[in-house]
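Architecture at a glance
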Amino acid sequence: MNTGALSLTPSEAEARVLGIQSKLHRWATDDPDRRFDDLYNLINDPAFLLVAWRRVRGNKGARTAGVDGQTAHTIEAGQSVAAFLEDLRADLKAQRFEPLPVRERMIPKPGTRKRRRLGIPVVRDRVVQGALKLVLEPIFEADFKPCSYGFRPKRRAQDAVAEIHYLASPSRNYEWVLEADIAACFDEISHSALLERVRGRIADKRLLGLVKAFLKAGILTEGGAERDTSTGTPQGGIASPLLANIALSTLDDHFAKRWGNRAERAKRRRHGLPNYRLIRYADDFVVMVSGTKADALAVKDEVAAVLSPIGLRLSEEKTGVAHIDEGLDFLGWRIQRHTRRGTADSYVYTYPSKKALRAVMEKVRTLSRQGTDLSLTVLLHRLNPVLRGWTNYFRPGVSSATFQYLSAFAWRRVIGWLRRKHPRITWKQLRRHYCPDGWWPTEDEVTLFNTAAVRTTRYRYRGAAIPSPWQSAS
């Protein structure tokens, strides 16, 4: 492939990258045993670097600096983007490029008092990781199984929840569920095991060396100490979710090999033997079991044995077995089978979990605690994206009652904030000034987002029919 110096517009760069990705994906799909060489030249291809830069620049993390103190904005304000990318390309071509340690930032885990580690790479490293992902993703997507949904193109959490709903429905009777949690997944993945899986598809030693360099880059802790990274892929890197998926695909491959054949599953069912189906979203996964509770408990040890060679282990406290009638929480959803009111028929329902509702209520509570020196318009501009994003995620479910509850809660919080802002005015005056329609807080044509007005939908199970972006492109 010709990767010489090119003067490209962003749209031309996107088209060139998509064309090359489509070829890589087609070649990987047509020949499952093919190992790709001479890919390193694509990493320093101007089109790949430009597309990677634009994605880094468009990410909300562009304003966050790594250990060198530079953000995407400071690079734009200092040297030109073209000069920055040309210098980066020259270092890559001469193999002088070395990633810097990531900056550690401990952030709270939603719904808990615990904190998790986020690793923030410098902007140069983010761009190279972005180019690396553009090259590797279409190759490994050809191998990834349909049961994996997290951080993959055109796939989303709702697909994973829809598959659980599909399998747990009465006609399929996958009634027992192994709810699994991997302890410190992103911190404990074995580098050697991960690189071995990458080598299964990649023969280019320069590209393999680049992947290893990112894994071994180290961490600058919040206390200022530099720490080596002997295991793990620090969360925060652009390529980290892809690398984690490559490592965890060993679990997908195991289940596909043992229970992926539909005819074999039908035969096992006729003979009264259990069947197992894996649904995974990044490091969160469940195993649906058509059998007994004992069958579900037995598969736990099998999962642990598959994870052990890649350096991972199950969390004993957070891993357990539940019946679909008892319900389970997965990716913020509560999934449970109930008897439909007024009938004897059972149906599987999906709706927001109590933990997810508490988390969004805490966000609303935090935002509405802010000082009353702000205008209502500013407060609403901060609240509305939170409410709109949360309801968009939970629209495909039985969520209307929850949306109404959240709507009333948000209304009370905003009205309470207004009462603190204007302690001397009457309720009638407050309504006249801030609620022109009689009840809903509005200022400067910005109205509090009404979650109760959001209509729920049904999300259809797509299964293995989800296309890749490169299939549609070709």
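Everything that follows concerns the structure shown earlier in this document.
First, a word on what this report is: a plain description of the structure on this page. These numbers come from a predicted model, not from an experiment.

On to the pairing of strand β3 (residues 176-181), then. Across the 6 residues that make up β3, a large majority, 5, are buried. Direction of pairing for β3 relative to strand β7 (residues 284-290): antiparallel, over a ladder of 6 bridges. Across the sheet, Asp181 pairs through a bridge with Asp284, a residue of β7. Pairing between β3 and strand β8 (residues 320-323): 4 bridges, direction antiparallel. Bridged to Val177 within β8 is Ala322.

This part covers the packing of aromatic side chains. Taken as a whole and assessed by the stated rule, the structure comprises 14 aromatic pairs. Their ring planes at 50° and their centres at 4.6 Å tell us that Trp390 and Phe394 sit as a pair that is tilted. Within this pair, Trp390 and its partner Phe394 are both found in helix α15 (residues 376-394), separated by 4 residues, close to a single helical turn. Accessibility expressed as a relative area gives 3% for Phe394, which makes it buried. One aromatic cluster is present, formed by Trp333, Trp390, Tyr393, Phe394 and Phe403 through successive ring pairs. The ring of Tyr166 carries Arg172 above its face, with NZ or CZ at 3.7 Å from the centroid.

As a further point, take the environment of Leu383. Relative to the assigned elements, Leu383 resides in helix α15. Given the relative accessible area of 0%, Leu383 is considered buried. Ignoring anything within four residues of it in the chain, the contact list for Leu383 reads Val364, Leu367, Val414 and Leu448.

The end-to-end C-alpha separation of helix α13 (residues 293-307) is 22 Å, in line with the 21 Å expected for 15 residues at 1.5 Å each. By the burial criterion, the buried members of α13 are Asp295, Ala296, Val299, Lys300, Val303, Val306 and Leu307. In a view along the axis of α13, the buried residues occupy a sector of 155°, so they form one face of it. Residues of α13 that are exposed and point over 90 degrees away from its buried face: Ala294 and Asp301. Close packing links the buried residues of α13 with β3, α11 (240-259), β6 (275-281), β7 and β8.

Another aspect to go through is a positive patch on the surface. There is a patch of like positive charges on the surface, built from Lys114, Lys318, Lys354, Lys355 and Arg358. Along the chain, the position of Arg358 falls in helix α14 (residues 354-367). Given a relative accessible area of 54%, Arg358 falls into the exposed group.

What follows concerns the sheet that holds strand β5 (residues 226-227). The strand order across the open sheet built from 4 strands is β2-β1-β4-β5, with neighbouring strands paired in mixed fashion. Each edge of the open sheet carries a strand with a single partner, namely β2 (115-120) and β5. In the sheet, strand β4 (residues 219-220) pairs with β5 via 2 bridges, with the strands oriented antiparallel. Considered in β5, the bridge of Leu220 is made with Glu226.

Inspection of the entire model under this criterion finds 25 salt bridges. With a closest N to O distance of 2.9 Å, Arg96 and Asp91 form a salt bridge. Judged by its relative accessible area of 52%, Arg96 is exposed. Accessibility expressed as a relative area gives 16% for Asp91, which makes it buried.

Rules used throughout
- Residues numbered from 1 in each chain as written.
- Predicted model: local features only at pLDDT ≥ 70, side-chain atom pairs only at ≥ 80, totals over all residues.
- Heavy atoms only, no water.
- Buried < 20%, exposed > 50% of the residue type's maximum accessible area, 1.4 Å probe, protein only.
- Helix = DSSP H or I, 4+ residues; strand = E, 2+ residues; numbered from the N terminus.
- Pairing = 2+ DSSP bridges.
- Phe/Tyr/Trp six-rings, centres within 6.5 Å; stacked < 30°, edge-to-face > 60°.
- Lys NZ or Arg CZ within 6 Å of the ring centre and 35° of its normal.
- Contact = heavy atoms within 4.5 Å.
- Expected span 1.5 Å × (residues − 1).
- Arc of directions from axis to C-beta.
- Patch = residues over 30% accessible without salt bridge, like charges linked within 9 Å, V, L, I, M, F, W, Y side chains within 5 Å.
- Areas by Shrake-Rupley, 256 points an atom, 1.4 Å probe, with all protein chains shown as cover.
- Salt bridge = Lys/Arg side-chain N within 4 Å of Asp/Glu carboxyl O.
- Lys, Arg positive; Asp, Glu negative; His and termini not counted.
- Charge placed at Lys NZ, Arg CZ, Asp CG, Glu CD.

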